Structures are given as structure tokens and as C-alpha cells.
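Working through the structure, step by step
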Amino acid sequence: MKETMEETMEEDILALLKENVIQGRRTKDDEGVDGDMVGTPAVLELTQLMVESDIAPEIIIKQGLTAGMQVVGDKFATKEYFIPDMLASAEAVGAAMDILKPILEAADIETKGRFVIATAKGDIHDIGKNIVAILLKGAGYEVKDLGIDVSPEKIVKVVREYKPDFLGISALLTTTMVAMGKTIEALKENGLRDKVKVLVGGAAVSEEYAQEIEADAYCVDGFHAIKVLEDFQKVKT
Amino acid sequence: MLIIGENINASNRRIAEAIRARNSTFLQELALAQSAADYLDVNVGGGKGSTGQEIEDMKWLIDIICKVTDKAIVVDSANPEVIEAGLKQGVSLRAERSNRVAMVNSVNAEKARLEAIGPLVGEYRVDVIALAMDDNGISSRVEERIRACDLILEGLSRYNIPAERVYFDPLVLPIGVDTTQGQVTLKTLEQIKARYPEAKTVVGLSNTSYGLPQRSMINDAFLLMLMYAGLDSVIVNPLHSSTIGSIELGEMLLGKDAHCKKYLKAHRKGLYQEKH
């Protein structure tokens, strides 16, 4: 009897966590998308509570955080949500991940993978790249952001030393897009091309261009990137 | 308010194709349609073409535009060689009419860019748009943007370019991504006006509303705030009647429209009807 009560409580609190992700509420002081929820526990407080109640971090991530972000992604796709809504949710999830990360590490549970992200050489546009980085972190990836105007040589060095599973390169301009192809060439020359999956995106980039430079995937936006990564995971297992 | 029309830009696929196909009718119509603008920005660098091709494109484009309009040209390119070609073309057309290129878009505090663009602006005696950024990109902080402006003025002074020929762009980042950015642009603009009273200011507006609904309403509201802070010039789509209407409205409210003549003219032309 006691066990079922606990299970119900666990389900309730997970549903509440998911709802708060959808509302984009990081802490109890945030009001949320739908109106005034100030004062009620939000993603940060609920995650803390669940950790204290010994609920497994994998369950918190999957049934609370990721489930919530999926709904946010759907609402963004249908234009009910806009970039600020999406960022509020992703930041809330990022805060929860900061709480969960040491527990995951202590228990030796693997994250979904290491993701290195950069804006192509010659390009200094980083708004889109930063949004993607926040979303990926929220989706449970370990994200290392190399910033803007990153040379192929630097990327090769990081791939060799940090050993990421995925590499994301962004370019806004057709003039800087070519640096993506050069980066992939440099990875090949250094024998690293099969060590990392390369995802490309940004305003200038297209599916055709991604194929031309032999990237592993073209991503329209951050949510698309998460879906592409999930497909990679399915192939792996 | 000096209005710079932004529509002839090869980052738009249709424009790039028209340039490649040498479709002068289409591009000349585009120039004529921007009648509300004072200057026309001309950019050919949206494609994957070589420098040589971009130079030919720029010369041809300036030539055909100047055949149909008296408006001055703003040469816009990431490549200094293309900018130089545009400036030369403007001079070669001067025999027929007045100097056709009035402005270069753009320079910033990056050393290589300053050293490439500065001599051209000095030699051809044109105005120049100066972006408040350096090698590290666009700072999200006012102080660093002002520091970039200092470096630009210092760099340009070596080519005898006075502050009154410089149009500083304080830069506009999306509010939807960082809500402090409206204030950062406004404060940077105010400080530029206070620090270099002879210098002019300009912005490309539309970035402010990126990712948000009702973009033109946001752009127009922000434009009015920038005008109050001392904006001298704006790069916009002059076909958007609400934007042109906002400019007339702002000038009137700021006391720059004697007897409200321009505002009333805009009203009589029906510029405000679709809005309210």
C-alpha cells in the first residue's frame, strides 16, 4: 500500500515537473507562460525535492525534463511558442541538469554524449548557435561551446583531445559556409573523420550543401538537431 | 532622417539570380520602387562567386541603377576590392551626374578591415558606416561597443577622415534572445552622440524583432525610441509604409517637421490607413 502511494506521488511530481518545463518556470519566482504561478515550486525546486526523495535521475530527465521539452518543441513548431518561450524552458532544464550532473557522474551513468559546437571560421554570428547549445544541454548532452570564428585546426585539436561524439558547426553567411567543408577535410586528413558525427546548420546552409561536404546531417534548428541525434542513438543500439 | 533602402541585396536569392542573369529591368524596378529612400544600399556578395565576378557584378549593378535614378549609392560588401570597384564606378559616372556613391558599408574596429577600408574612404571622400564591434564580434556590453568606436575613429583619423563623415551603428541584437539588448543599443547610441557630437548614427533595425510575433510593430516602436536617442539614419525596406510612416511621425513629435507638413503629407498619401 505504502509503495503504491509513493509511486503515485512520484508520478504526480513528475507530471508537475513536466508541466513546469512547459511553462518555462526555472524557480518559484517565475510566473510562467499561462499566468501567475509565482510562489509555487518550479523546475529547480521540484528537481531538488525529487533528488532528496531518491528518485532516479534518469527518470527525472526522461519523464519530466525531456517529456516537457518535447511539448515545447511541438508548440514552437506550430508557432504557439516563440524563441523567448523556448529559451525559458531550456534554461529551466539546464538548471535542473546542473543539479543532476554530479549525481549522474557519481553513479557512473553515461550522459547522452559529448557535443562540441562552434561557429565556422570567419563567421561571428552566434545567436542561433547559442540557442542550439542551450537546447542540447537541456536534452542531456554534455555541451562544449568553442565560440565564434573557430578555425578547422582548432576544431581538429579539440576533437582529438576532448573526443566528442558529435560536432556541430554553424554558419550564417555563404562566404563563411565553405569553412565547414574545410573543417571536414581537415578531420579526414587527421584520421578523425570516423570518430565524430558532424552536424551542420545556420541560415546559409542547406541539405544539398551538407551532402556536398559530406556532413552526417543538416539541421534546420535546435529541436531538429535533437531529433537527428536521437536517430543516431537508435542506429548505435 | 536619412533613409537607406536595403532591398538590393544578393543575400536574397531572387536578387542574386537577377544579378547573375543580368536582369536589368527587374533590378531597375527594384531601385525605382524604393522612392521613399534617400540612398540605395547595393550588395552583390550573397553568392559563392569569385572576387572577380563580384567586382563585375558591382560595377554593372551601379551602372544600371544610376541610369534610372538620381539617388546616391551605398557600396556594401565584405570584400574591400569590391568596395573599391564600386567607388571607382561611382566616379566614372560622375561626368554625367553628381558623384554617385555616397557611402561605404562598412568598417569596424578590426585592424585589417580598418586598414583596407580606411584608405578607400579617405581617397574617395565618401561617408562610412562604422559598426561598433571588433575582432571578437559584437559585445553584449555598452562599454566595449564604445571602445570599438574609439578605435575606429582613431584608425580613420590616420586617413584624414573626420568624425562627421562617420555613421556609427551601435548594433541591434534580438530582444527575444536577450531582453537587455534594447537598452544596450539605446545607451550605446546615446553615448556615441555625447562622446562624438559631430559623428552620425545609423542602425539596421529588423534584427531587434527576430523570433518574435508582430515584427513590424516592434521594429517601428524601437525606431521611435532610437530617434529620440538621436538616430540620424536608418537602413530599412522603404516599401514598408508603416516604417516610413513611423519616421514621419517621429520627426513630427521631435519637432523636426515644421507645421507638421511631412506628417500630414504622409497622412494624405494614406500611409497610416492600413495601420489603424
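Residues numbered from 1 in each chain as written. Chains lettered and ligands numbered in written order. Predicted model: local features only at pLDDT ≥ 70, side-chain atom pairs only at ≥ 80, totals over all residues. Heavy atoms only, no water.

**Quick look at the overall build of chain B**
Test applied: Under the DSSP-based scheme used, a helix requires at least four consecutive residues in state H or I and a strand at least two consecutive residues in state E, with every element numbered from the N terminus. With C-alpha atoms as the basis for the radius of gyration, the globule rule is written as 2.2 Å multiplied by the number of residues raised to the power 0.38. Contacts: residue pairs with any heavy atoms within 4.5 Å of one another.
Summing up its helical and strand segments, chain B has 10 helices and 8 strands in all. Computed over its C-alpha atoms, the radius of gyration of chain B comes to 18 Å, within 12% of the 19 Å expected for a compact globule of 276 residues. Judged by the C-alpha coordinates and their principal axes, chain B covers about 45 × 45 × 35 Å. Long-range contacts, defined here as pairs at least 24 residues apart, represent 72% of the contacts in chain B between residues at least 6 apart.

**Section: the interface of chain A and chain B**
Worth spelling out the cut-off: Buried area counts how much accessible surface, traced with a 1.4 Å probe, disappears from two parts once they are put together, with both parts' losses summed. For salt bridges, the criterion is a side-chain nitrogen of Lys or Arg within 4 Å of an Asp or Glu carboxyl oxygen. The definition of a polar contact used here is a pair of N or O atoms within 3.5 Å, where within protein one atom must be able to donate a hydrogen and the other to accept one, and adjacent residues in sequence count solely through side-chain atom pairs.
In this complex, chain A contributes 11 residues to the contact, which on the side of chain B involves 15 residues. Buried surface at the junction of chain A and chain B, both sides included, amounts to about 1,100 Å², of which 74% is carbon and sulfur. For the interface between chain A and chain B, the tally reads 0 salt bridges. At the boundary of chain A and chain B, one finds 1 residue pair in polar contact (both at pLDDT 80 or more).

**Focus: the layout of surface pockets**
All names here are of chain A. Operational definition: Note on definitions: the grid is 1 Å and covers protein atoms alone; a cavity is a set of points where a 1.4 Å probe fits but cannot get out; a pocket is an open set with protein on both sides within 12 Å along at least five of seven lines; lining residues have an atom within 4 Å of a point. Grid points are joined across faces, edges and corners, and a volume is the space filled by probe spheres set on the points. When residue character is reported, Ala, Val, Leu, Ile, Met, Phe, Trp, Tyr, Cys and Pro are called nonpolar, Asp, Glu, Lys and Arg charged, and the others, Gly included, polar. Boundaries between domains were set according to an automatic or database domain assignment.
Of the voids in this model, the second largest pocket is the one considered here, and its volume is about 570 Å³. I61, M97, A139, G140 and Y141 are the residues nearest the centre of the second largest pocket, which is lined by 27 residues in total. With 8 residues, helix α4 (residues 83-106) is the single largest residue contributor to the lining of the second largest pocket. Here the residues of the lining of the second largest pocket sort into 12 nonpolar, 5 polar and 10 charged. Looking at the lining of the second largest pocket, you find at least three residues from each of domain 1 (2-106) and domain 2 (114-236).

**With respect to a positive patch on the surface**
The cut-off we apply is this: Exposure above 30% relative accessible area and the lack of any salt bridge qualify a residue for a patch; like charges then connect within 9 Å, and the nonpolar side chains Val, Leu, Ile, Met, Phe, Trp and Tyr within 5 Å. Throughout, the Shrake-Rupley method with a 1.4 Å probe supplies accessible areas, and for residues the shown protein chains are the sole cover considered. Lys and Arg are tallied as positive, Asp and Glu as negative. Neither His nor the chain termini are counted. Just so you know, the charge point we use is NZ for Lys, CZ for Arg, CG for Asp and CD for Glu.
A surface patch of positive charge is lined by R114, K144, K154 and K163 of chain A. Residue placement: K144 of chain A occurs in strand β2 (residues 142-145).

**Overview of the pairing of strand β5 (residues 127-131) of chain B**
Residues and elements named next belong to chain B. Note the threshold: The rule is simple: take the accessible area with a 1.4 Å probe, protein chains only, and divide by the maximum for that residue type; under 20% is buried, over 50% is exposed, in between is partly exposed. Pairing between strands is defined by DSSP: at least two bridges between the two strands are required. Handedness is read with the strands pointing away from the viewer; a crossover is right-handed when the path from the first strand over the helix to the second is clockwise.
Most of β5 is tucked away, with 5 of its 5 residues classed as buried. Taking every second residue as pointing to the same face, both faces of β5 are buried, with D127, I129 and L131 on one and V128 and A130 on the other. Pairing geometry for strand β4 (residues 101-107) and β5, over 4 bridges, is parallel. Residue pairing for β5: V107 is matched across the bridge by A130. Traced from β4 through helix α5 (residues 111-124) to β5, the parallel crossover comes out right-handed. Note: β5 against strand β6 (residues 166-169), 4 bridges, orientation parallel. For I129, the partnering residue across the bridge sits in β6 and is Y167.

**Notes on helix α8 (residues 215-228) of chain B**
So the rule is basically this: A helix is expected to span 1.5 Å for every residue after the first.
Between its first and last C-alpha, α8 of chain B extends 20 Å over 14 residues, near the 20 Å set by a 1.5 Å rise per residue. Looking at the residues trailing α8 of chain B, positive phi occurs at G230 of chain B, about 110°.

**Brief notes about the nonpolar core**
The line we're drawing: Among buried residues, those of type Ala, Val, Leu, Ile, Met, Phe, Trp, Tyr and Cys that are joined through side-chain atoms within 4.5 Å constitute a nonpolar core.
Of all hydrophobic cores here, the largest spans 89 residues; its most connected members are I4, L61, I65 and F168 of chain B. At 8 residues, helix α3 (residues 51-68) of chain B tops the list of elements feeding residues into this core. Looking at which domains feed residues into this core, each of domain 1 (1-107) and domain 2 (240-276) of chain B supplies at least three. Beyond its immediate chain neighbours, meaning those up to four positions away, I65 of chain B contacts I8, A31, L40, V42 and I73 of chain B. Core analysis: the next-biggest nonpolar cluster, separate from the first, contains 44 residues, M86, F115, V228 and L229 of chain A among them.

**Quick notes on unusual backbone geometry**
Residue N105 of chain B is joined to S106 of chain B through a cis peptide bond whose omega torsion reads 10°. The residue S106 of chain B is located in strand β4 in this model. We note that D54 of chain A has phi near 60°; this positive angle belongs to a residue other than glycine. Of note, D54 of chain A is situated in the loop between α2 (43-52) and α3 (57-77). Looking at D54 of chain A, the relative accessible area reads 70%, which means it is exposed. At R125 of chain B, a position not held by glycine, the phi torsion is positive, near 55°. With respect to the helices and strands, R125 of chain B occurs in the loop between α5 and β5.

**A closer look at the sheet that holds β5 of chain B**
Residue and element names in this part refer to chain B. Operational definition: Working convention: axes come from line fits to C-alpha atoms, limited for helices to the stretch in contact. Angles between N-to-C directions cover 0 to 180 degrees.
With parallel pairing, the 8 strands of this closed barrel are ordered in space as β1-β2-β3-β4-β5-β6-β7-β8. Sheet twist, expressed as the average angle between the axes of neighbouring strands with direction ignored, equals 25°. On the sheet, helix α4 (residues 80-92) packs against β3 (72-76) and β4 and is oriented at approximately 170° with respect to β4. Along the sheet face, α5 touches β4 and β5 and points at about 170° away from the line of β4.

**Thoughts on the sheet that holds strand β3 (residues 166-170) of chain A**
Residue and element names in this part refer to chain A. One open sheet holds the 5 strands; their spatial order is β2-β1-β3-β4-β5, and the pairing between them is parallel. On the outer flanks of this sheet lie β2 and β5 (217-218), each paired with one strand and no other. Where β3 lies against strand β4 (residues 197-201), 5 bridges are found, and the strand directions are parallel. Its bridge partner being in β4, G168 is matched across the sheet by L199. In this fold helix α6 (residues 152-162) packs onto β1 (114-119), β2 and β3, with an angle of close to 170° to the strand it touches most, β1.

**Digging into the domain arrangement of chain A**
All names here are of chain A. Here the domain parsing of chain A yields domain 1 (2-106) and domain 2 (114-236). The interface is formed by 15 residues belonging to domain 1 together with 10 residues belonging to domain 2. Viewed at the interface, domain 2 and domain 1 are joined by 1 salt bridge. Across the pair D98 and K137 runs a salt bridge whose closest N-O atoms are separated by 3.4 Å. At the boundary of domain 1 and domain 2, one finds 1 residue pair in polar contact (both at pLDDT 80 or more). Secondary structure elements with two or more residues in the side of domain 1 that touches domain 2: α3 and α4. Element by element, the count of residues in the side of domain 1 that touches domain 2 is highest for α4, at 10 residues. For the side of domain 1 that touches domain 2, a count of residues per class yields 9 nonpolar, 3 polar and 3 charged.

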